[in-house]
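Next come the chains, spelled out residue by residue.
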Amino acid sequence: HALPSSIDLKVLLQPDLPLIEVDAGQLQMVLLNLLFNARDAINGHGRISLTVDVVELFGEVEGLKGSFVRFEVEDNGAGIPTEVLPRIFEPFFTTKPFGKGTGLGLSQVYGFARQSGGAICVDSEPGRGTCMRLYLPMYQDQTDSPLDR
Ligand SMILES: Nc1ncnc2c1ncn2[C@@H]1O[C@H](COP(=O)(O)OP(=O)(O)OP(=O)(O)O)[C@@H](O)[C@H]1O
Ligand SMILES: [Mg+2]
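Here's a quick rundown of the structure. (Residues numbered from 1 in each chain as written. Chains lettered and ligands numbered in written order. Predicted model: local features only at pLDDT ≥ 70, side-chain atom pairs only at ≥ 80, totals over all residues. Heavy atoms only, no water.)

## Structural notes on the site of ligand 1
For the record, the criterion: Any residue with a heavy atom positioned within 4 Å of a molecule or strand is treated as near that molecule or strand. Under the rule applied, a polar contact is a pair of N or O atoms within 3.5 Å (in protein, one hydrogen donor and one hydrogen acceptor; residues adjacent in sequence only if both atoms are side-chain atoms). What sets the accessible areas is the Shrake-Rupley method with a 1.4 Å probe; for residues, cover comes only from the shown protein chains. Numbered from the N terminus, helices here are DSSP runs of H or I no shorter than four residues, and strands are runs of E no shorter than two. Only Asp, Glu, Lys and Arg are considered charged, only Ala, Val, Leu, Ile, Met, Phe, Trp, Tyr, Cys and Pro nonpolar, and every remaining residue, Gly among them, polar.
Near ligand 1, the surroundings consist of 18 residues, among which Thr 94, Thr 95, Lys 96, Thr 102 and Leu 106 are the closest. The contact in question runs from an oxygen atom of ligand 1 to an N or O atom on the side chain of Thr 95, over 2.4 Å. Here an oxygen atom of ligand 1 and a side-chain polar atom of Thr 102 are 2.5 Å apart. Against a free-state accessible area of 600 Å², the protein chains account for coverage of 89% of ligand 1. Of all the secondary structure elements, the ones that give two or more residues to the shell around ligand 1 are α1 (24-41) and α2 (105-115). Of all the elements, α1 adds the most residues to the shell around ligand 1, at three residues. For the shell around ligand 1, a count of residues per class yields seven nonpolar, nine polar and two charged.

Now the structure itself:
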């Protein structure tokens, strides 16, 4: 409901997604932050997709290993200039006009990802769009040892 009708949102959820153990309110806030950034990058008509699936990591993303739920927010908006890219996760870094952005959205996403044992990655091409990938570890039931079965 926070997106204008000029933006087409596609949500693709892999069936039977596993559990994750995170603060639900924080996850909701973080996903909204990513969606609002995607919205703000689109001038006029555009597309945003939210894709959620499971991936196996072998250290290629911030050294993480194991099963992760991946939340991918992709837009076909303005993209991020190469000179801006290294700064986007800094607190209070914003390119938005005064009163529009505080520059705290992505630093919160970064903090949440870290604190949850996951990671956030960005892939962007100026003029074509941006893809943000949030990885959160799949919940491992500590009590479920083979001896209990
Ligand atoms: N999807 C995106 N497309 C283009 N630029 C982006 C995207 N996401 C983030 N950015 C850039 O990164 C900057 C920092 O983002 P961040 O979410 O931290 O702050 P903000 O959106 O400017 O303000 P706030 O989130 O506090 O309202 C943005 O100002 C923008 O320049
Ligand atoms: Mg933001």
